[in-house]
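Each chain, written out:
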Amino acid sequence: MPDPTPPLLGLGLYWQQLAVGQRFRSFGRTVTEHDLMGFVALTGMQEPLFVDATHAGALGARPVPAALTHALIEGMLLRGMVHGTGLALLETHIRPKAPVRVGDTIHAEVEVTGVRPTSRGGRAVVACAVRVANQRGRR
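Thresholds applied
- Residues numbered from 1 in each chain as written.
- Predicted model: local features only at pLDDT ≥ 70, side-chain atom pairs only at ≥ 80, totals over all residues.
- Heavy atoms only, no water.
- Pairing = 2+ DSSP bridges.
- Helix = DSSP H or I, 4+ residues; strand = E, 2+ residues; numbered from the N terminus.
- Buried < 20%, exposed > 50% of the residue type's maximum accessible area, 1.4 Å probe, protein only.
- Arc of directions from axis to C-beta.
- Contact = heavy atoms within 4.5 Å.

A.B. asks: Is there a simple way to explain the pairing of strand S6 (residues 124-133) in this structure?
C.D. replies: Two strands pair when backbone bridges link them, and strand S5 (residues 105-117) and S6 are joined in this way by 10 bridges, in the antiparallel orientation. Residue pairing for S6: histidine 107 is matched across the bridge by alanine 133. Connecting S5 to the next strand, S6, in antiparallel fashion are six residues, including glycine 122 with a positive phi near 80°.

Put into structure tokens, the structure is as follows:
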């Protein structure tokens, strides 16, 4: 008799399904004014560069904090790659290469760079390189 519980949609990948060199691409997401203002309010990043729409500094008009870009990308990857299968985020490094602006549509390009089983059975440390690109393919 078939299992009466239907499979769960949106489940992430288990480490056994991953191999070094595997690559993935997330769906895109447009960064909105609401995203920027909500993040600035939540974090207290009241920098004129982020809160004054008439301000155009060295980064140009309407850049968003790199921490916001990181948070949005982590959310995309959680839903698409880790949801229900990940245990913990052990380490992250952020190296912004170009500004992300309000109105940009960003996506993640992920490459698995390491899969190391731990001494605790059934677990592994998975390392990935994540690149962010906008709608023009600029990273």
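A.B. asks: Is there a simple way to explain the pairing of S5 in this structure?
C.D. replies: Consecutive residues of a regular strand have side chains that alternate between opposite faces of the sheet. Here strand S1 (residues 23-25) pairs with S5 via three bridges, running antiparallel. Within S5, the position partnered with arginine 25 by the bridge is glutamate 109. Bridge count for strand S2 (residues 29-30) against S5 is two bridges, and the pairing is antiparallel. Bridge pairing links arginine 29 to isoleucine 106 in S5.

A.B. asks: How should I be thinking about helix H3 (residues 66-82) in this particular structure?
C.D. replies: For the α-helix, the turn length of 3.6 residues means that residues three or four positions removed from each other point alike. Turning to H3, its buried residues are Leu68, Thr69, Leu72, Ile73, Met76, Leu77 and Met81. One side of H3 holds all its buried residues, which, seen down the axis, span an arc of 170°. If you follow the buried residues of H3, they end up packed against S1, S2, helix H1 (33-43), S5 and S6. A positive phi of about 80° marks glycine 84, the residue just after H3.

A.B. asks: Where do I start with the side chain of asparagine 134 in this structure?
C.D. replies: In this structure, asparagine 134 sits in the segment after S6. When residues no more than four places from it in sequence are discounted, the contact partners of asparagine 134 are Asp104, Thr105, Ile106 and His107.

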